[in-house]
Amino acid sequence: MTPAERRYRRVLRLLPTGYRRRWEQDMVSAYLDSVADTPRRAAGELLAVAWLVLRLRLNGYHATPRSQLWYQTVLGIAMLTTLYESLDATRVFADLVGVAVQVEMAWPYHLTSWWGVLSLVWVATFVCVVRGRVVAARVLVLVALIHQMGLTSLVVAHTISPGGWGLPPDALSTARQAGVCVAAVTVFLIPQDFRPARGWLAAFIVPAVVVIPVSVASAVLYSPDLVHTPPLWLAQLQLLNVGTLLHVGMVVGMVVALARAHQWLLPLALFGGGVAAGQLLGFDYGFDPLYDLRQRATALWTSVTIVQLVVAVACVVAGFVAMRHARIAEGRPDAS
Amino acid sequence: MTEPTFFVLTALVGEPRHGYGIVGEADALSGGRVRLKIGSLYGILDRLVADGLVELDREESHQGRLRRYYRITSGGLDAVRAETTRLAANARVAGRRLKALRPGLES
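Conventions adopted
Residues numbered from 1 in each chain as written. Chains lettered and ligands numbered in written order. Predicted model: local features only at pLDDT ≥ 70, side-chain atom pairs only at ≥ 80, totals over all residues. Heavy atoms only, no water. Helix = DSSP H or I, 4+ residues; strand = E, 2+ residues; numbered from the N terminus. Buried < 20%, exposed > 50% of the residue type's maximum accessible area, 1.4 Å probe, protein only. Contact = heavy atoms within 4.5 Å. Areas by Shrake-Rupley, 256 points an atom, 1.4 Å probe, with all protein chains shown as cover. Buried area = accessible area lost by both parts, 1.4 Å probe. Salt bridge = Lys/Arg side-chain N within 4 Å of Asp/Glu carboxyl O. Polar contact = N/O pair within 3.5 Å; in protein donor to acceptor, adjacent residues only side chain to side chain. Nonpolar A, V, L, I, M, F, W, Y, C, P; charged D, E, K, R; others polar. Pairing = 2+ DSSP bridges. Patch = residues over 30% accessible without salt bridge, like charges linked within 9 Å, V, L, I, M, F, W, Y side chains within 5 Å. Lys, Arg positive; Asp, Glu negative; His and termini not counted. Charge placed at Lys NZ, Arg CZ, Asp CG, Glu CD. pLDDT = per-residue confidence, 0-100. Phe/Tyr/Trp six-rings, centres within 6.5 Å; stacked < 30°, edge-to-face > 60°. Lys NZ or Arg CZ within 6 Å of the ring centre and 35° of its normal.

## Regarding the overall build of chain A
Logical step 1: Helix and strand counts for chain A stand at 14 helices and zero strands.
Logical step 2: Out of the 336 residues in chain A, the part that is buried amounts to 42%.
Logical step 3: Considering only intrachain contacts with a sequence separation of at least 6, the fraction spanning at least 24 residues in chain A is 71%.
Logical step 4: Split by element, the accessible area of chain A, about 17400 Å² in all, is 69% carbon and sulfur.

## Things to note about the overall build of chain B
Logical step 1: Assigned secondary structure in chain B consists of four helices and three strands.
Logical step 2: In chain B, the succession of α and β elements from N to C terminus is α-β-α-α-β-β-α.
Logical step 3: Out of the 107 residues in chain B, the part that is buried amounts to 37%.
Logical step 4: A sequence separation of at least 24 residues applies to 44% of the contacts in chain B between residues at least 6 apart.

## A few points about the interface of chain A and chain B
Logical step 1: Contact with chain A, which involves 24 residues of that partner, is made by 23 residues of chain B.
Logical step 2: Of the roughly 2000 Å² buried where chain A meets chain B, counting both sides, 54% is carbon and sulfur surface.
Logical step 3: Applying the counting rule to chain A against chain B returns three salt bridges.
Logical step 4: In this structure, the salt-bridge partner of B:Arg68 is A:Asp26, at a minimum N-O distance of 2.9 Å.
Logical step 5: Where chain A touches chain B, the interface holds nine residue pairs in polar contact (both at pLDDT 80 or more).
Logical step 6: The dominant element in the side of chain A that touches chain B, judged by the number of residues it contributes, is helix α2 (residues 17–37) of chain A, at 13 residues.
Logical step 7: In terms of residue class, the side of chain A that touches chain B is made up of 12 nonpolar, five polar and seven charged.

## A few points about the sheet that holds strand β3 (residues 65–72) of chain B
Logical step 1: Judged by pairing direction, the sheet is antiparallel, and its three strands sit side by side in the order β1-β3-β2 (chain B) without closing on themselves. For this open sheet the edge positions go to β1 (17–18) and β2 (54–62) of chain B, each flanked by a neighbour on one side alone.

## What about a positive patch on the surface?
Residues and elements named next belong to chain A.
Logical step 1: Together, Arg-6, Arg-7, Arg-10 and Arg-13 make up a region of like positive charge exposed at the surface.
Logical step 2: Relative to the assigned elements, Arg-13 resides in the loop between α1 (3–12) and α2.
Logical step 3: Overall, Arg-13 belongs to the exposed group, its relative accessible area being 52%.

## Looking at the confidence of the model for chain A
Residue and element names in this part refer to chain A.
Logical step 1: Taken as a whole, chain A shows an average pLDDT of 73; of its residues, 63% reach a score of 70 or greater.
Logical step 2: At the level of individual helices and strands, chain A shows its lowest average pLDDT in helix α13 (residues 293–296), which scores 46, and its highest in helix α6 (residues 121–130), which scores 91.
Logical step 3: Counted against residues more than four places away or in other chains, residues 284–297, with its pLDDT under 50, gives 31 contacts.

## Notes on a nonpolar patch on the surface
Residues and elements named next belong to chain A.
Logical step 1: A contiguous nonpolar surface patch, about 240 Å² in accessible area, is contributed by Val-101, Val-220 and Leu-221.
Logical step 2: Position of Val-220 among the secondary structure elements: in helix α9 (residues 199–221).
Logical step 3: A relative accessible area of 32% means that Val-220 is categorised as partly exposed.

## Concerning the packing of aromatic side chains
Logical step 1: The tally for this structure, following the rule as stated, stands at six aromatic pairs over all chains.
Logical step 2: Summarising the aromatic geometry, the rings of A:Trp23 and B:Tyr70 are spaced 5.8 Å apart at their centres and angled 40° between planes, so their arrangement reads as tilted. Of this pair, A:Trp23 sits in helix α2 while B:Tyr70 sits in strand β3, placing the two residues on different chains. Exposure class is identical for A:Trp23 and B:Tyr70. Each is buried.
Logical step 3: Through successive ring pairs, a cluster of aromatic residues spans A:Tyr19, A:Trp23, B:Tyr42 and B:Tyr70.
Logical step 4: One cation-aromatic arrangement involves A:Arg22 over A:Trp23; the distance from NZ or CZ to the ring centre is 4.0 Å.
Logical step 5: One residue, B:Arg58, lies across the ring of B:Tyr69, its end atom 4.0 Å from the ring centre.

## Regarding the confidence of the model for chain B
Logical step 1: Residues with a pLDDT of 70 or more make up 94% of chain B, whose mean pLDDT is 86.
Logical step 2: Here the predicted complex scores 0.61 on pTM and 0.81 on ipTM.

## A few points about the side chain of A:Asp33
Logical step 1: Its place among the elements puts A:Asp33 in helix α2.
Logical step 2: Overall, A:Asp33 belongs to the buried group, its relative accessible area being 9%.
Logical step 3: A distance of 2.8 Å separates polar atoms of two side chains, one belonging to A:Asp33 and the other to B:Arg67.
Logical step 4: The residues contacting A:Asp33, other than those within four sequence positions of it, are B:His18, B:Tyr20, B:His62, B:Arg65 and B:Arg67.

## Description of the environment of A:Leu75
Residue and element names in this part refer to chain A.
Logical step 1: Following the sequence through the fold, Leu-75 ends up in helix α4 (residues 65–102).
Logical step 2: When the C-alpha atoms of Leu-75 and Pro-196 are compared, they prove to be 9.5 Å apart, with 121 residues separating the residues in sequence.
Logical step 3: Setting aside anything within four residues of it in sequence, one finds Leu-75 in contact with Leu-189, Ile-190, Pro-191 and Phe-194.

## What to know about the environment of A:Ile190
Residue and element names in this part refer to chain A.
Logical step 1: Note on placement: Ile-190 falls in the loop between α8 (171–188) and α9.
Logical step 2: Measuring from C-alpha to C-alpha, the distance between Ile-190 and Met-79 comes to 9.7 Å, with 111 residues separating the pair along the chain.
Logical step 3: Residues within four places of Ile-190 in sequence aside, it is in contact with Trp-51, Leu-75, Ala-78, Val-129, Val-134 and Arg-138.

## Remarks on the pattern of salt bridges
Logical step 1: Applying the stated criterion across every chain, the model contains 18 salt bridges over all chains.
Logical step 2: Here B:Arg67 makes a salt bridge to A:Asp33, at a shortest N to O gap of 2.8 Å. Pair noted here: B:Arg67 is in strand β3 and A:Asp33 is in helix α2, and the two residues belong to different chains.
Logical step 3: Owing to a relative accessible area of 12%, B:Arg67 belongs among the buried residues under this scheme.
Logical step 4: Here B:Glu60 ties to B:Arg58 by a salt bridge, and the two come within 2.9 Å at their closest N and O atoms.
Logical step 5: Through salt bridges that share partners, B:Glu55, B:Asp57, B:Arg58, B:Glu60 and B:Arg71 make up one connected network.

Laid out in structure tokens, this is it:
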């Protein structure tokens, strides 16, 4: 046995047993023919097997019901995270446009405005995923990942520089980085024949129609002297943000999933739990250090935080229900 | 039907082939655009066999190794015909549009 054959057979051991028994001899024979013709194919061939292993383990004829559930969960999380990122990017862009209007500055008024425009690559990524352009989505999500890293570097550099903001990176921004990484990884796990329902485009367009005018109006109506005493109307207006719409969407999604489509419970639970945990860790609404102490504990923000907690608990419950359904699907209802 | 699947089936029209033979034929038929990795080929073959579009033809020994040849089934031929009709209809529509746009370029 040649070293190439030994190496290839070692990778093939990762295949599901039934598949390996059926195809291993064929694959080794074809592989040895292939590398005899073009030796440089070896690395690409090993990667192709690794990709095949992933697909078969998660979504092939040889996958267990539980593996298939996790694969559907990964696809669901890919849809939800790219939707969230594209809506947030739209919000960032609308904020920047609103600030430009408010301070009457020519566009682009600052380096960050270009970064804001670049964040729209998330919208393109989401549209590509919805339209089944998986390869384009993978390229775009890499651009989005690089963009996010660049943005983080800018923020960190400004934070630690003399005269900078002087604020340490908080749990919220750490959770944000984690969210972007999760979105990127899950997009890479989408198979090329993945074709989601067209209704996903509406899931972006409808909230975007709310978020864009609210973000522009918030930025236009905001003035620097409101930093320490933000009025209640501004807080109320900002309630119609991506986070609020996300929580409303999560609750509606979980109710629908409970009634009709149980396979969506687990992705909704994991995604919603992750977002809620990130926001609660950062006290996104309830404890913003830039706001005056009197404003921190307003009934409005407290109630928003309570809603977030309720959604987080609902996510945990939904996760348990989803896992119970998975056990029933495997014919082991008493597996706990 | 994805493009690699289409060329795998088309490569088997007319004569049974073994794995690497299918890779070479798909490469030639597509003008070098579809260069299948072995892992990708057997992912496709596994599905095609499970769907009854391809089946085992025979086994041969080659340089001490087993070689299995696969042939297309009548269901597989129907699938290729249906896909060919669909692609041809697409090409006709696009051709008509292009002809209307720049009549001088069309014969």
